[in-house]
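Results of the structural survey
Chain by chain, the residues:
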Amino acid sequence: MLVGSENIDVCDDVEDKDLWHHVNLVDPEIASRYHPNDTRRLRRLLDIYRSSGKRPTELYEETKRFRFDPRTCFFIWAFRSLDALYPLLDKRVDEMVSQGLVEEVKQFFHQHQNDVRKTSIFEAIGVKEFLDAWQSDETSRQRDAAVVKAIESIKAHTRHYASKQVRWLTNRLPPLLVGASYKESIFDFGSRYVKMDLDTDVSGSVERRLDGLLTFFLHKNQSELLKDTVEFPLMEARKNTTPVTQEHCSLCDFVVYGRDQMSLHLNSKRHRGALKRQHLEKSHLEQFGVPVPPRKKHKNDENKSC
């Protein structure tokens, strides 16, 4: 399919393993923000490119970076450690089950017997886990076991998603706020984003501590309830302005994700071996006039196809 101002050829049906390469072909800037395993978002980016004829970054630049006015907003992160948060998440799943989650999902699968995978809600946590339970010819006993397994999977996926949110709030949100325009903000730079530790054993309810935090924001009068229970992530983010990047090594056909990870990859055994191979191919072609024979492929190697 030919779309875009530069007529870049993008296949309509792209395999999951090739999604990142296609996104990187049409929009390297947006590709650097996503991991190759994030297939759902990568496929959505290609859909945007096909339907609009514009690169996703062009569309994003036409919209506001935030859906709020950063000059008059501040953020409060009611933080709990994962050790304290996980039991609460498991309890919430148990409450959802007791309130009819299993029966509700069962009705959904029966309503969409032939196209359940095509529905957007299928990707939501709490739905796809029941696929084996409600789309099989198993006995009642086997189905009950599959439901129990699905509930445990929901808990595991919820915990995993919570840990991803914690990483995003810790590593990704502060740099975004640091880069935003706050010239006319009514708040000091560091106090626009506050992390309140709910694990700390202090007197007073969460509501009282929030009231104390609001008093601090509006009147700069720090309450006793806030001592040793709040942090200001923006101050740390300002010290470390090196962005977390995702880069592609074309020689190794390898995606490197993380701060300063490309320099580590360039010194790795894998990259040094690729450089030796490149030098060997060049010298062989110059000396004998024919390309060097291809490397032997392993059984697990898969040919990339468009």
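The rules behind the values
Note on numbering: residues in each chain are counted from 1, in written sequence order. Residue-level local features of this predicted model are given only where pLDDT is at least 70; pairs of side-chain atoms are given and counted only at 80 or more, and the full residue set underlies all totals for whole chains, interfaces and linings. To get the side-chain values, take all heavy atoms of the structure and skip hydrogens and water. The way it works is that DSSP assigns letters per residue, a run of H or I at least four long becomes a helix, a run of E at least two long becomes a strand, and they are numbered from the N terminus. Here's how the labels work: a residue is buried when its accessible area is under 20% of the maximum for its type, exposed when over 50%, partly exposed in between, all with a 1.4 Å probe on protein chains only. When checking whether two residues touch, look at their non-hydrogen atoms; a contact exists if any pair is within 4.5 Å. For every accessible area listed, the method is Shrake-Rupley and the probe measures 1.4 Å; residues are considered covered only by the protein chains on display. The pairing test for Phe, Tyr and Trp rings, Trp by its six-membered ring, is centres within 6.5 Å, and the orientation test on the planes gives stacked under 30 degrees, edge-to-face over 60, and tilted for anything in between. In our convention, an over-ring charge means Lys NZ or Arg CZ found within 6 Å of a ring centre and within 35 degrees of that ring's normal. An arc is given here, and it is the one of the directions from the helix axis to the C-beta atoms. Nine residue types can take part in a nonpolar core, namely buried Ala, Val, Leu, Ile, Met, Phe, Trp, Tyr and Cys, and a core is a set of them joined through side-chain atoms within 4.5 Å.

1. A few points about the overall build of the protein chain
When helices and strands are tallied, the protein chain shows twelve helices and seven strands. Burial statistics for the protein chain: of 306 residues in total, 32% are counted as buried. When contacts within the protein chain are restricted to residue pairs at least 6 apart in sequence, long-range pairs at least 24 apart make up 55% of them. Accessible surface computed for the protein chain: about 20,700 Å², of which carbon and sulfur atoms make up 50%.

2. Section: the side chain of His 284
Residue placement: His 284 occurs in helix H12 (residues 269-288). When its relative accessible area of 18% is taken as the criterion, His 284 is described as buried. Beyond its immediate chain neighbours, meaning those up to four positions away, His 284 contacts Gly 289, Val 290, Pro 291 and Val 292.

3. A look at the packing of aromatic side chains
With the rule as written, the count across this model stands at two aromatic pairs. Look at Trp 77 and Phe 79: their rings are 5.3 Å apart centre to centre, the planes differ by 90°, and that puts the pair in the edge-to-face class. Judged by relative accessible area, Trp 77 falls into the buried class, the value being 10%. Note that Lys 195 overlies the ring of Phe 79, its terminal NZ or CZ placed 4.2 Å from the centroid.

4. A look at unusual backbone geometry
For Asp 253, which is not glycine, the phi dihedral falls at a positive 50°. Take Asp 253: it is sitting in the loop between strand E6 (246-249) and strand E7 (254-257). Overall, the relative accessible area of 33% leaves Asp 253 in the partly exposed class.

5. Things to note about helix H6 (residues 101-111)
Those residues of H6 not exposed but buried are Leu 101, Val 102, Val 105, Phe 108 and Phe 109. Take H6 and look down its axis: the buried residues cluster within an arc of 125°, on one side only. Turned more than 90 degrees from where H6 packs its buried face, Glu 104 and Gln 111 sit exposed.

6. Some words on helix H1 (residues 19-26)
Within H1, the full set of buried residues consists of Leu 19, Trp 20, His 22, Val 23 and Val 26. Considered in projection along H1, the buried side chains sweep an arc of 160° and stay on one side of the axis.

7. As for the nonpolar core
Core analysis: the largest hydrophobic core is formed by 18 residues, its most contacted members being Phe 109, Phe 130, Trp 134 and Val 147. Once residues lying within four places of it in the same chain are set aside, the contact partners of Val 147 are Val 102, Phe 130, Ala 133 and Trp 134. Trp 20, Val 23, Val 26 and Tyr 49 belong to the second largest nonpolar core, which has 13 residues in total.

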